[in-house]
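So you can see what is in the structure, the chains are spelled out below.
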Amino acid sequence: MKKALVCGAGGFIGSHMVKRLKDEGFWVRGVDLKYPEFWETTADDFVIGDLRDQYLCRQIVDRKFDEVYQFAADMGGAGYVFTGEHDADIMHNSAQINLNMLDTCWKRNVRRIFYSSSACIYPEFNQMDPDNPNCAEDSAYPAQPDSEYGWEKLFSERMYLAYHRNKGMEVRIARYHNIFGPYGAWNDSREKAPAAICRKVAMAEDGGEIEIWGDGKQTRSFLYIDECIEGTLRLMRSDWTGPVNIGSEEMVSINQLADMVMSIAGKRLAKKHVPGPLGVRGRNSDNRLIREKLGWSPSLPLREGLKKTYDWILGQVRQLECES
Ligand code: NAD
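Residues numbered from 1 in each chain as written. Predicted model: local features only at pLDDT ≥ 70, side-chain atom pairs only at ≥ 80, totals over all residues. Heavy atoms only, no water.

**What to know about the site of the ligand**
As a matter of local geometry, the ligand sits amid 26 residues, with Ile13, Asp32, Tyr149, Ile179 and Lys192 nearest to it. Asp32 is positioned such that a nitrogen or oxygen atom in its side chain is 2.6 Å from an oxygen atom of the ligand. In the environment of the ligand, a nitrogen atom lies 2.8 Å from a nitrogen or oxygen atom belonging to the side chain of Asp50. Out of a free accessible area of 810 Å², the ligand has 91% covered by protein chains. Sorting the residues of the shell around the ligand by element identifies helix 1 (12-23), strand 5 (112-118) and helix 5 (148-167) as the ones contributing at least two each. (Near = heavy atom within 4 Å. Polar contact = N/O pair within 3.5 Å; in protein donor to acceptor, adjacent residues only side chain to side chain. Areas by Shrake-Rupley, 256 points an atom, 1.4 Å probe, with all protein chains shown as cover. Helix = DSSP H or I, 4+ residues; strand = E, 2+ residues; numbered from the N terminus.)

In structure tokens form, the structure reads like this:
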């Protein structure tokens, strides 16, 4: 039986990865500071522990895992990453987790490790025009990410690549672009735009209004979780290191995203634009490289993923209302 280790298995992407690996018949160990918040883990073994602790890392890498997925990070949406208030924690905690896990796997002769980098590594100067952002993989340098979160991701990418070159580690690196879907953060200030907008729309009375950070003309693309997992597995099991974008090419403005959610909900709401942390002006995945190297790229229309996410968040909102 194949064995996998999922670091950050209590988080959004990690908990979905555990489920997928279990469905495929793997024996799975998950590790996190916490259990998944919104559903039961399906991992065979779940260790509650802190991956900043080198000793814990040595304990959990106690067998020959076929695949290791490193998702653990101190992260959140714009309200967490772009305010500047958490920069020291974000850089220190995530770098330490990556230093520990990569070196432990090497020392324990576990060779194949996936690292979840981010579109936040791309230079700010290529993302000023909301209609024409450049996020091709080879545009990462000269580097100028707009957040310390992005700088840590870039540092860790380079460290994984160095272990590949110098120590023969089979690393795989993806740069995720805004992953969304059910069982993710939706009301704890770490949620991303799709979940936040679904929540605001679900809670608003028809004819009311919702708040949007900024003028809503900033653009992004959003990738549904199932396609993120599919792309990650395809990369992991390919013979290619990356880094590669895993994201959608269906770019929309935040105003368009809100309109789509309102139409799914069947509500007409006014948009009230308020100041808030925004990030870059435009961002879109560039999928030319993933198509060339893996012969695959995401294809699910945004609206379909949003519908599933809205239905789940509406259920969460109703449950909260019942409890209060
Ligand atoms: P998440 O916050 O839901 O999951 C991260 C998990 O790591 C959390 O459960 C957290 O408790 C855990 N963790 C943090 N510090 C830890 C520690 N010291 N020891 C053990 N566990 C610890 O985030 P996610 O959305 O699932 O993202 C997974 C990975 O993908 C992260 O590395 C993130 O930076 C990257 N990524 C995500 C997105 C996205 O849109 N979700 C985009 C780009 C990159």
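**Here we look at the packing of aromatic side chains**
Applying the stated rule across the entire model yields 12 aromatic pairs. When the centroid spacing of 5.8 Å and the interplanar angle of 55° are considered together, the rings of Phe71 and Phe114 count as tilted. You can see Phe71 sitting in the loop between strand 4 (67-70) and helix 3 (78-81) and its partner Phe114 sitting in strand 5, a full 43 residues away along the chain. Under the relative-accessibility criterion, Phe71 is labelled buried at 11%. Seen from their ring centres, Phe114 and Tyr176 are 6.0 Å apart, and the 35° between their planes marks the pair as tilted. (Phe/Tyr/Trp six-rings, centres within 6.5 Å; stacked < 30°, edge-to-face > 60°. Buried < 20%, exposed > 50% of the residue type's maximum accessible area, 1.4 Å probe, protein only.)

**Some points on the domain arrangement of the protein chain**
Domains assigned within the protein chain are domain 1 (3-179 + 224-246) and domain 2 (181-221 + 250-279 + 301-317). Each partner contributes to the interface: domain 1 provides 21 residues, whereas domain 2 provides 23 residues. With both chains or domains summed, domain 1 and domain 2 bury close to 1,900 Å², and 61% of this area falls on carbon and sulfur atoms. A per-residue breakdown of the area domain 1 buries against domain 2 is headed by Phe38, Asn178 and Tyr224, which together make up 33% of the total. Here domain 1 and domain 2 share 1 salt bridge between them. Of the charged contacts, one joins Asp74 and Arg190 as a salt bridge, the two residues approaching to 3.6 Å between their closest N and O atoms. Counting across the domain 1 and domain 2 interface gives 5 residue pairs in polar contact (both at pLDDT 80 or more). Contributing elements (two or more residues each) for the side of domain 1 that touches domain 2: helix 1 and helix 3. Residue contributions to the side of domain 1 that touches domain 2 peak at 3 residues, all from helix 3. Along the lines of polarity and charge, the residues of the side of domain 1 that touches domain 2 split into 11 nonpolar, 7 polar and 3 charged. (Domains from an automatic or database assignment. Contact = heavy atoms within 4.5 Å. Buried area = accessible area lost by both parts, 1.4 Å probe. Salt bridge = Lys/Arg side-chain N within 4 Å of Asp/Glu carboxyl O. Nonpolar A, V, L, I, M, F, W, Y, C, P; charged D, E, K, R; others polar.)

**Some remarks on the nonpolar core**
Val6, Ile13, Leu21, Tyr69, Tyr176 and Leu306 are the most contacted members of the largest nonpolar core, which has 59 residues in total. The residues that make up this core include at least three from each of domain 1 (3-179 + 224-246) and domain 2 (181-221 + 250-279 + 301-317). In this structure Ile13 touches Phe71, Tyr176, Ile179, Ile225, Cys228 and Ile229, once residues within four positions along its chain are discounted. Listed in part, the 25 residues of the second largest apolar core include Leu5, Val68, Met101 and Val110. (Core = buried A, V, L, I, M, F, W, Y, C linked by side-chain atoms within 4.5 Å.)

**Focus on the side chain of His16**
Assignment of secondary structure puts His16 in helix 1. Of the polar contacts made by the side chain of His16, one reaches the backbone oxygen of Pro182; its length is 2.9 Å. When residues no more than four places from it in sequence are discounted, the contact partners of His16 are Trp39, Pro182, Tyr183, Ile225 and Ile229.

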